[in-house]
Amino acid sequence: MDLNYGSQYEDFKIEVQDFCKEWHGINFSDAAKTPMSQNFESNGKTIKRSEWQSILIEKGYTARSVPKEYGGYGGESDIIKNRIIATEFSNAKIPSAMGGQGIDMLVPTLLELGTEEQKKQYIKPTLRGEMIWCQGYSEPNAGSDLASLQTKGELIDGNWVINGQKIWTSTAQFSQMMFCLVRTEPDAQKHAGISYILIPMDTPGLEIRPLVDMTLKPGFNEVFFTDVTVPEGNIIGKRGEGWAVANATLGHERGALTDPNATMNRVNSLINRMKKETIDGKRLIDIPVYRDKLIAIQAKVTAFQSNSLRVLSSKINKGQDTKIAGMIQKLVGTELRHELEGFAVDIMGELGTLYEDSPNLRDGGSWQFLYMYYLGLIIGGGTSQIQKNIISERGLGMPREPKVQGN
Amino acid sequence: MYFGLSEDQIFFQENVSKFLEDQSNLDVIRKITEGEANEIQQEIHDGLLNLGLSSLLIPEQYGGLGLDLLFATAVSQSLGEGLGPIPFAGSYIMAPLAIMHGGNKEQKNNYLIKMSENSMRIGVGFSEYIGARDNANISINDNKISGRALFVIDAKDASHLMFSDKNGMIGIVESSSSGIEITELVAVDKTRNFLEVQLKDVDIDILELTSTSKEAIDKSIDAGRIILAADSLGASQALIDKAVEYSKERKQFNRVIGSFQAVKHMCAEMAADLEPCYALVWHAAHCFDNSPDESRLMACHAKSHVSEVSKTIGKKATEVHGGMGFTDLMGVHYWFKRIGVNRQTLGAPEVIREEAARIQNF
Ligand SMILES: Cc1cc2nc3c(=O)[nH]c(=O)nc-3n(C[C@H](O)[C@H](O)[C@H](O)COP(=O)(O)OP(=O)(O)OC[C@H]3O[C@@H](n4cnc5c(N)ncnc54)[C@H](O)[C@@H]3O)c2cc1C
């Protein structure tokens, strides 16, 4: 066991810490007004979100291993440096780099499987936050059973002509582009008939209808396609290989959903809240039942954090087997976060249910918001039940789900 | 950066596991718990002492191996997994640590050398320090100890016993001293022994530094908790392995029960609950060895969280085995019970969580 990152990282850590000091209290002129998972103290410089992103790329604090020619920093991929950046930013309460489905999922996919032209065209504006992407996978009849999707793509005169419907498409209303799974080989076996196609959201025939979610914040959408036509070259990978292309990025998504350090920050915010909040004049932190549950959750989050260190270690040390430790992260991380946020609502009682711009709101209503939001993440990106199927089948070697005829 | 057990630790761990598989299979365990295999139990104990189990933590200058707690934690996992029917947490972890941190030079020389030579073994009675039940109480005055210790671990056949008063003052008595009355308790887990000890004006050797400092008692209890957590970790892994294996063989409705999703999900839940416990327990041991500031809280978290997880696994793994799980035949209950006793020893989860809250000044 050796938890030191090594002397070669000490300088880097200090560099990042200095950077965080310099930018402490930074504020965005164009920040979205949703309750954030972290409470940034905004008393410093005010700049645009995209400017911040450019600064971070220039320093190599994001897009670190993306080649320069595609708009990245052009450094070696270094998991430990990424970790140091994430930790220091979160300790200093400095906003991290932009994320989202374009940066977290599409860029790695393009780097791995895109053509030179595609990389040149899409990566740079995506990294800079100028091109926002949404993920067009799920359909009304294809959620967990994603491979049964039916949105149809036909190659006609050098163009893909697409008809059908997607649903639960997050951020479609803000996006310039969609990466989309489309059935292009109707006669092929289920998984072999899908292609991965890039679609500009302003293409004629593409219609976005907002779908209000539980949180009542702008979340996901339905997207309808009527003869939506895009060039043949907008495909990533070959015809019929879309399933493999998509699977290359689902892993990235699941990792991005559950940051244990952010979860621990929430535990600490909760502790602060419990020291301030009272019932019958008694501080919540002094009430044995609440203390007990708080510490139980803190212990779980600690375990989850340690688990992620172990997973990190296996990425650096070849041969270290942490298969199950990696596989459980989506399930454990989202369930744990939901439990934590829900516990905060519970201990605040009626006050915990206040929402939007209600008087007496606590922490911007973030506890109630994230309590619901994380229920969404328990379902999205592969439900908890699907995760359990994966863990039992691929982790524990138990029998696969039986195939039903016609599937 | 490397987060995990080292090759040496894994090697040692596997040796212990192999030894237990060979010498202490379920039939042997059954006989031991029925009180019909005292000699075999002694042989198992001796065999493990040959591997060095009693002197893992004792510094080399006293004839020990001078290893760290993470190493001992790795070993403890194997003992839990293989139901090791021997003293460990008390005699070989807590007692030497108490002496190492609380004894003066002479006491260290006096005790640690003999302990590493296995001519002395100490049972540990700290329950009253952590939370006295049934009005049990220990008082130490003028180098005499009186009172009652209700749940002394690793004490059967031990040459010496170690107690603490409410202030964390620790002392050692000879088990054969006059004024000591020993009563054997019967806990559900019979792979290990627990005694009640009554003391009346018994001569006691007080570890010198413990009259002014709590370091020794803290270190000793933190380590004991981490070691018990590791034991439950190993026991829980054994249960999951057994449940998964059984589910792939047992058929109902013309299918192996492992193909029923209800069963698969129980197994996946057990794995998802347990896996982070490895990292937590190792991390706690690492903090014990390297970062004392975090160590107490980490030990509390490890013990309380693993206790909760293991309890659930004890239940679910038994359920996966159906009626067979409830029989003595299958032996699942040995791990269930071992986990049950680990959970209460050195503080049940609620007790420990309150302590964790205080450590953080809540
Ligand atoms: C907040 C949020 C954001 C999302 N964002 C996007 C997005 O941007 N792009 C996109 O394409 N999709 C998105 N989704 C869709 C998401 O991927 C699907 O909702 C999810 O995969 C589940 O599919 P479903 O909704 O059809 O549920 P269903 O598959 O109908 O599941 C219903 C219930 O049945 C259970 N179930 C289904 N199959 C099995 C099985 N084999 N074994 C056991 N239980 C099973 C499920 O666990 C669940 O409890 C988002 C969803 C949410 C909630």
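This structure is a prediction, so every number in the text was calculated from the model and none was measured.

1. Topic: the overall build of chain A
Here is step 1 of the chain: Counting secondary structure elements, chain A contains 12 helices and 12 strands.
Here is step 2 of the chain: For 407 residues, the compact-globule formula gives about 22 Å, and the C-alpha radius of gyration of chain A, at 22 Å, lands near that figure.
Here is step 3 of the chain: By principal-axis analysis of the C-alpha atoms, chain A measures approximately 70 × 50 × 45 Å.
Here is step 4 of the chain: Looking at chain A as a whole, 50% of its 407 residues are labelled buried.
Here is step 5 of the chain: Contacts in chain A between residues at least 24 apart in sequence constitute 68% of all its contacts with a sequence separation of at least 6.
Here is step 6 of the chain: When the accessible surface of chain A is totalled, it reaches about 19,000 Å², and 50% of it is carbon and sulfur.
Here is step 7 of the chain: For chain A, the separation between the mean place of its 45 positive charges and that of its 49 negative charges on side chains is 4 Å.

2. Thoughts on the interface of chain A and chain B
Here is step 1 of the chain: Contact residues are listed per partner, giving 47 residues for chain A and 41 residues for chain B.
Here is step 2 of the chain: At the boundary of chain A with chain B, total buried surface from both sides reaches about 3,900 Å², with 66% on carbon and sulfur atoms.
Here is step 3 of the chain: The tally of links between chain A and chain B comes to six salt bridges.
Here is step 4 of the chain: Counting every contact that joins chain A to chain B gives 22 residue pairs in polar contact (both at pLDDT 80 or more).

3. Side note on the site of the ligand
Here is step 1 of the chain: Around the ligand sit 19 residues in total, of which Gln135, Ser138, Ser144 and Thr383 of chain A together with Gln261 of chain B are the nearest.
Here is step 2 of the chain: The residues that come close to the ligand belong to more than one chain, namely chains A and B.
Here is step 3 of the chain: Here Gln135 of chain A contributes a backbone N or O atom positioned 2.7 Å from a nitrogen atom of the ligand.
Here is step 4 of the chain: Side-chain polar atom of Thr383 of chain A to an oxygen atom of the ligand: 2.7 Å apart, as the coordinates give it.
Here is step 5 of the chain: Protein burial of the ligand: of its 960 Å² of free accessible surface, 69% is covered by the chains.
Here is step 6 of the chain: Listed by contribution, the elements that provide at least two residues to the shell around the ligand are β5 (159-170), α11 (366-379) and α12 (384-395) of chain A.
Here is step 7 of the chain: Along the lines of polarity and charge, the residues of the shell around the ligand split into five nonpolar, 14 polar and no charged.
Here is step 8 of the chain: Each of domain 2 (133-240) and domain 3 (257-395) of chain A accounts for three or more of the residues forming the shell around the ligand.

4. Observations concerning the domain arrangement of chain A
Residue and element names in this part refer to chain A.
Here is step 1 of the chain: Here chain A is partitioned into domain 1 (7-98), domain 2 (133-240) and domain 3 (257-395).
Here is step 2 of the chain: Centre-to-centre, using C-alpha coordinates, domain 1 lies 24 Å away from domain 3.
Here is step 3 of the chain: Listed by partner, the interface residues are nine residues for domain 1 and 13 residues for domain 3.
Here is step 4 of the chain: Carbon and sulfur atoms make up 56% of the surface buried where domain 1 meets domain 3, a total of about 1,100 Å² over both sides.
Here is step 5 of the chain: Applying the counting rule to domain 1 against domain 3 returns zero salt bridges.
Here is step 6 of the chain: Our count for the domain 1 to domain 3 interface comes out at one residue pair in polar contact (both at pLDDT 80 or more).
Here is step 7 of the chain: Grouping the constituent residues of the side of domain 1 that touches domain 3 by class yields four nonpolar, four polar and one charged.

5. A short note on the pairing of strand β4 (residues 160-164) of chain B
Here is step 1 of the chain: Most of β4 of chain B is tucked away, with five of its five residues classed as buried.
Here is step 2 of the chain: Burial of the side chains of β4 of chain B extends over both faces: His160, Met162 and Ser164 of chain B are buried on one face and Leu161 and Phe163 of chain B on the other.

6. Details of helix α9 (residues 261-290) of chain B
Here is step 1 of the chain: The terminal C-alpha atoms of α9 of chain B lie 44 Å apart, and with 30 residues this matches the ideal 44 Å at 1.5 Å per residue to within 8%.
Here is step 2 of the chain: The buried fraction of α9 of chain B is high, at 24 of 30 residues.

7. Considerations on the pattern of salt bridges
Here is step 1 of the chain: In this structure the tally under the stated criterion is 38 salt bridges over all chains.
Here is step 2 of the chain: Note that Arg296 of chain B and Glu355 of chain B form a salt bridge whose closest N and O atoms lie 3.0 Å from each other. A residue pair is termed long-range when its members are at least 10 positions apart, and Arg296 of chain B in helix α10 (residues 292-320) and Glu355 of chain B in helix α13 (residues 349-359) qualify at 59 residues.
Here is step 3 of the chain: Since its relative accessible area comes to 23%, Glu355 of chain B is described here as partly exposed.
Here is step 4 of the chain: When salt bridges that share partners are traced, they join Asp292 of chain A together with Glu308, Arg343, Glu350 and Arg353 of chain B into one network.

8. Topic: the nonpolar core
Here is step 1 of the chain: Among the nonpolar cores identified, the biggest contains 160 residues, and Trp52 and Phe89 of chain A together with Leu69 and Met162 of chain B are the most heavily contacted of them.
Here is step 2 of the chain: In this structure Met162 of chain B touches Ala95, Ala98, Ile99, Ile122, Gly123, Val124, Gly125, Phe126, Ile170, Gly171, Ile172 and Leu207 of chain B, once residues within four positions along its chain are discounted.

9. Some points on the packing of helix α1 (residues 10-22) of chain A against helix α3 (residues 79-91) of chain A
Residues and elements named next belong to chain A.
Here is step 1 of the chain: Close contact between α1 and α3 brings their axes to 10 Å; oriented N to C, the two are set at 35°. As α1 runs across α3, the sense of the crossing is right-handed. Across the interface between the two elements, Phe12, Lys13, Val16, Gln17, Phe19 and Cys20 from α1 touch Lys81, Ile84, Ile85, Glu88 and Phe89 from α3.
Here is step 2 of the chain: Taken together, the residues that form the contact of α1 with α3 break down as seven nonpolar, one polar and three charged.

10. Points about the packing of aromatic side chains
All names here are of chain A.
Here is step 1 of the chain: Under the counting rule described, the total for this entry stands at 18 aromatic pairs over all chains.
Here is step 2 of the chain: When the ring of Tyr61 is compared with that of Phe89, the centres are 6.0 Å apart and the planes differ by 85°; the resulting orientation is edge-to-face. Here Tyr61, found in the loop between α2 (49-59) and α3, pairs with Phe89, found in helix α3; they are 28 residues apart in sequence, far enough to count as distant.
Here is step 3 of the chain: Owing to a relative accessible area of 6%, Tyr61 belongs among the buried residues under this scheme.

Criteria and thresholds
- Residues numbered from 1 in each chain as written.
- Chains lettered and ligands numbered in written order.
- Predicted model: local features only at pLDDT ≥ 70, side-chain atom pairs only at ≥ 80, totals over all residues.
- Heavy atoms only, no water.
- Helix = DSSP H or I, 4+ residues; strand = E, 2+ residues; numbered from the N terminus.
- Rg over C-alpha atoms; globule rule 2.2 N^0.38 Å.
- Buried < 20%, exposed > 50% of the residue type's maximum accessible area, 1.4 Å probe, protein only.
- Contact = heavy atoms within 4.5 Å.
- Areas by Shrake-Rupley, 256 points an atom, 1.4 Å probe, with all protein chains shown as cover.
- Lys, Arg positive; Asp, Glu negative; His and termini not counted.
- Charge placed at Lys NZ, Arg CZ, Asp CG, Glu CD.
- Buried area = accessible area lost by both parts, 1.4 Å probe.
- Salt bridge = Lys/Arg side-chain N within 4 Å of Asp/Glu carboxyl O.
- Polar contact = N/O pair within 3.5 Å; in protein donor to acceptor, adjacent residues only side chain to side chain.
- Near = heavy atom within 4 Å.
- Nonpolar A, V, L, I, M, F, W, Y, C, P; charged D, E, K, R; others polar.
- Domains from an automatic or database assignment.
- Expected span 1.5 Å × (residues − 1).
- Core = buried A, V, L, I, M, F, W, Y, C linked by side-chain atoms within 4.5 Å.
- Axes fitted to C-alpha atoms, helices over the stretch in contact; angles between N-to-C directions.
- Left-handed = near helix turned anticlockwise from the far one by under 90°.
- Phe/Tyr/Trp six-rings, centres within 6.5 Å; stacked < 30°, edge-to-face > 60°.

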